[in-house]
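Architecture at a glance
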Amino acid sequence: MILAASATDPNSASATRIIMHVDMDAFFASVELKRQPALRGQPVIVGGRGDPNRRGVVSTATYEARVFGIHSGMPLRTAARLCPDAVFLPVDFPAYHEASARVFDCLAEVSEYLQPVGLDEAYLDISARDDDPLVIGRQLKATIHAATELVASVGIGPNRLLAKIASDLEKPDGLTWLRRGDVPERVWPLPVRTLHGVGPRTAERLADLGVESVGDLAALSPEQLTAEFSPRHAQSLMESAQGIDERPVQTERVRKSIGRERTFQADCRSSGRLDHEARAMLEEVCERLRARHLGARTVTVKLRYRDFTTHTRSRSLSGPTDEMETLAALVHQCLFAHRLHRAVRLLGVQLSGLVASDSDEAPGAD
């Protein structure tokens, strides 16, 4: 449930907002460096099982590795070619969750208006506080470092868009306050991909219009944008280029799905093994479902084949459940609705249509 805005609520559009974006610097890698301080100053890459000769992607990398062009989502093999001297480490989610919990304990002390974005970043609305925002940010950074020995970058702005941009401007260990009046000088020179909602496809279409920077976008006329994009998308782009963003900080997010994926080191051709792996993944996902006191209506099984084509199959219940065997039956149906004679590269199991488990709705076949 999202807290409703009111006249005294800092999320109210009529109030003068002060939004803070907190982003932990190279979070996974920083947790690893804390455990292995001898690696400080070296290019360290965290991803998969930590073996660049096996399938997997980069989860994060230290800044010493990023100068080689390494970024999140890059195949580990590619990262190894770009930086052969890098140290590769496996992902350790329990350690990252533990560190994240300590960080969010620090954030919760600053504002009740807190919106998590993954394990390592969050938005806070500090509009109701009388303190100097830069003082709040400086104190928060110190508190996080004292509690975790990790470093955060903090951005402050009148909205989420500018706060997010601000936190990126002086990384690592940054503290930046962007005001609307700073947009022409500090935001317009940035790449247009900096803006929320500008993904690769939108960036390509903007490039066809000669747009490379945020300033280029701001210079376009409404007619030029609406000729290329829908009126709603064009309006959003125009507002973003001017530093306008009316999205509130959402103090609670409704989780839409919970899932698990596995990329096989060698393509799998065994339907029996796929069935076994899918059930094991479902057991893990069900534990997370029950820990959040949720039930699920829909099961989806995803297969990615050797040629990278990806297919999904779904089955739904009339009501939510967290009962393992009921969901396992649907997973089995979804799996065998796929073509299993082909070499499978990736298997995924997802639960969606999530509802609080104290709901009175009873599950049944749809």
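Criteria and thresholds
- Residues numbered from 1 in each chain as written.
- Predicted model: local features only at pLDDT ≥ 70, side-chain atom pairs only at ≥ 80, totals over all residues.
- Heavy atoms only, no water.
- Helix = DSSP H or I, 4+ residues; strand = E, 2+ residues; numbered from the N terminus.
- Expected span 1.5 Å × (residues − 1).
- Buried < 20%, exposed > 50% of the residue type's maximum accessible area, 1.4 Å probe, protein only.
- Contact = heavy atoms within 4.5 Å.
- 1 Å grid on protein atoms, 1.4 Å probe; cavity = no way out; pocket = protein on both sides within 12 Å on 5 of 7 lines; lining within 4 Å.
- Points joined across faces, edges and corners; volume = space filled by probe spheres on them.
- Nonpolar A, V, L, I, M, F, W, Y, C, P; charged D, E, K, R; others polar.
- Phe/Tyr/Trp six-rings, centres within 6.5 Å; stacked < 30°, edge-to-face > 60°.
- Lys NZ or Arg CZ within 6 Å of the ring centre and 35° of its normal.
- Core = buried A, V, L, I, M, F, W, Y, C linked by side-chain atoms within 4.5 Å.
- Axes fitted to C-alpha atoms, helices over the stretch in contact; angles between N-to-C directions.
- Parallel < 35°, antiparallel > 145°, perpendicular 65-115°, else oblique.
- Pairing = 2+ DSSP bridges.

**Focus: helix H12 (residues 271-291)**
The terminal C-alpha atoms of H12, which comprises 21 residues, lie 30 Å apart, in line with the 30 Å expected from a rise of 1.5 Å per residue. Among the residues making up H12, those that are buried are Leu274, Glu277, Ala278, Met281, Leu282, Val285, Cys286 and Leu289. Against strand S9 (257-268), strand S10 (294-305), strand S11 (310-321), helix H13 (324-336) and strand S12 (344-352) lie the buried residues of H12. Looking one or two residues past H12, His293 carries a phi angle of roughly 55°, positive in sign.

**Here's the deal with the layout of surface pockets**
Approximately 1500 Å³ is the volume attributed to the largest pocket. Taken together, 36 residues make up the lining of the largest pocket; nearest its centre are Val91, Phe93, Arg260, Glu261 and Arg262. Listing elements by their share of the lining of the largest pocket, those giving two or more residues are helix H3 (76-82), helix H4 (93-108), S9, H12 and S12. With eight residues, S9 is the single largest residue contributor to the lining of the largest pocket. When its residues are assigned to classes, the lining of the largest pocket shows 13 nonpolar, eight polar and 15 charged.

**Points about the packing of aromatic side chains**
Under the criterion given, the structure shown has four aromatic pairs. Ring centres of Phe93 and Tyr96 lie 6.1 Å apart, and the angle between their planes is 80°; this geometry places the pair in the edge-to-face category. Of this pair, Phe93 and Tyr96 both sit in helix H4, three residues apart, which is roughly one turn of that helix. Through successive ring pairs, a cluster of aromatic residues spans Phe27, Phe28, Phe93 and Tyr96. It is Arg160 that lies over the ring of Tyr123; its NZ or CZ is 4.7 Å from the centre.

**So, the nonpolar core**
Residues Met20, Val22, Phe27, Leu107, Leu124, Leu140 and Ile144 are the most contacted members of the largest nonpolar core, which totals 33 residues. Broken down by secondary-structure element, the contributors of at least two residues to this core are strand S1 (19-24), helix H1 (27-35), strand S2 (44-46), H4, strand S6 (121-125), helix H5 (133-148) and strand S7 (152-157). The biggest single contributor to this core is H4, with seven residues. The contact partners of Leu140, leaving out residues within four places of it in the chain, are Met20, Val22, Cys106, Leu107 and Val110.

**A look at the packing of H1 against H4**
Running from N to C, H1 and H4 point in directions that differ by 100°, and their axes come no closer than 10 Å. If you check the angle between H1 and H4, you find them roughly perpendicular. Judged by residue contacts, Phe27, Phe28, Val31, Glu32, Lys34 and Arg35 of H1 engage Phe93, Ala95, Tyr96, Ala99, Ser100 and Arg102 from H4. The residue inventory of the contact of H1 with H4, partitioned by class, reads seven nonpolar, one polar and four charged.

**Side note on the pairing of S1**
Within S1, six of the six residues are buried, leaving the element largely enclosed by the surrounding structure. In this structure, S1 lies alongside S6, joined through five bridges in antiparallel fashion. In the sheet register, Val22 faces S6, and the bridge partner there is Ala122. Two strands pair when backbone bridges link them, and S1 and S7 are joined in this way by six bridges, in the antiparallel orientation. Across the sheet, the residue bridging to Asp23 is Ser153, located in S7.

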